[in-house]
Amino acid sequence: MSEPRPAPAMRNAVDFGIVGDNILDIADFAIEKYEFTSGTTLPEEAREAAVERVRDALWEMVKAFRNRRKEMRKQLFDTADEAVRDYVADS
């Protein structure tokens, strides 16, 4: 019987440096959209606070995505294990 191999390493599908840059771009876009549609300009302090709030909200979403990805990876391995057991049982 062969030695069991460790589980293969799964590449990280998300570059969080890029995500951080995108979050700031999204925050800027949302603020500019608000200013355009409302016809007002936010003072710098309000703009900074809004960027912080958007950043925090979007990072919460990123955390949730990472948790879902982790769960899906577990499901992949569980499904593969089940398929092997089913095959052996049917053989």
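Use the structure listed above.
Computed from a predicted structure; not experimentally measured.

In this section: the overall build of the protein. In terms of regular secondary structure, the protein is built from two helices and zero strands. Since a compact globule built from 91 residues should have a radius of gyration of about 12 Å, the 22 Å found for the protein marks it as more spread out than a globular shape. With the C-alpha coordinates aligned to their principal axes, the bounding extent of the protein is approximately 70 × 25 × 15 Å. Residues counted as buried form 10% of the 91 residues belonging to the protein. Restricting to contacts in the protein with at least 6 residues of sequence separation, those with at least 24 account for 66%. When the accessible surface of the protein is split by element, carbon and sulfur atoms take 57% of a total near 8100 Å². Averaging the positions of the 14 positive and the 19 negative side-chain charges in the protein gives two centres separated by 5 Å.

Here we take up the pattern of salt bridges. One pass over the full model with this rule turns up four salt bridges. Between Lys-74 and Asp-78 there is a salt bridge, and its shortest N-O distance comes to 2.7 Å. Note that Lys-74 and Asp-78 are positioned in helix H2 (residues 44-90) at a spacing of four residues, about one turn of the helix.

Helix length check: H2, at 47 residues, gives a terminal C-alpha distance of 68 Å against a target of 69 Å (1.5 Å per residue), a fit within 8%. Every buried residue of H2 is accounted for by Arg-47, Val-51 and Val-62. Summarising the contacts, the buried residues of H2 are in contact with helix H1 (16-38).

A surface patch of nonpolar side chains, amounting to about 340 Å² of accessible area, comprises Val-84, Tyr-87 and Val-88. With respect to the helices and strands, Val-88 occurs in helix H2. Among the residues examined, Val-88 registers a relative accessible area of 54% and is labelled exposed.

Another point: the side chain of Arg-47. As for its position among the elements, Arg-47 is in helix H2. We classify Arg-47 as buried; its relative accessible area is 18%.

With 23 residues, H1 ought to run about 33 Å at 1.5 Å a step, and its terminal C-alpha atoms sit 32 Å apart, in line with that. Those residues of H1 not exposed but buried are Val-19, Gly-20, Ile-23, Ala-27, Ile-31 and Glu-35. Packing partners of the buried residues in H1 comprise H2. Where H1 ends, the next residue or the one after it, Gly-39, has phi of about 75°, a positive value.

Turning our attention to the packing of H1 against H2. Across the interface, H1 lies against H2 with an axial gap of 9 Å and an inter-helix angle of 135°. Considered as vectors, H1 and H2 are oriented oblique to each other. Considering how the two elements wind past one another, H1 and H2 form a crossing that is right-handed. Residues Phe-16, Val-19, Gly-20, Ile-23, Leu-24, Ile-26, Ala-27, Asp-28, Ile-31, Glu-32 and Glu-35 of H1 lie in contact with H2, whose contacting residues are Arg-47, Ala-50, Val-51, Val-54, Arg-55, Leu-58, Trp-59, Val-62 and Arg-66. Classifying every residue of the contact of H1 with H2 gives 13 nonpolar, one polar and six charged.

The rules behind the values
Residues numbered from 1 in each chain as written. Predicted model: local features only at pLDDT ≥ 70, side-chain atom pairs only at ≥ 80, totals over all residues. Heavy atoms only, no water. Helix = DSSP H or I, 4+ residues; strand = E, 2+ residues; numbered from the N terminus. Rg over C-alpha atoms; globule rule 2.2 N^0.38 Å. Buried < 20%, exposed > 50% of the residue type's maximum accessible area, 1.4 Å probe, protein only. Contact = heavy atoms within 4.5 Å. Areas by Shrake-Rupley, 256 points an atom, 1.4 Å probe, with all protein chains shown as cover. Lys, Arg positive; Asp, Glu negative; His and termini not counted. Charge placed at Lys NZ, Arg CZ, Asp CG, Glu CD. Salt bridge = Lys/Arg side-chain N within 4 Å of Asp/Glu carboxyl O. Expected span 1.5 Å × (residues − 1). Patch = residues over 30% accessible without salt bridge, like charges linked within 9 Å, V, L, I, M, F, W, Y side chains within 5 Å. Axes fitted to C-alpha atoms, helices over the stretch in contact; angles between N-to-C directions. Parallel < 35°, antiparallel > 145°, perpendicular 65-115°, else oblique. Left-handed = near helix turned anticlockwise from the far one by under 90°. Nonpolar A, V, L, I, M, F, W, Y, C, P; charged D, E, K, R; others polar.

All we've got here are geometric facts, nothing functional implied.
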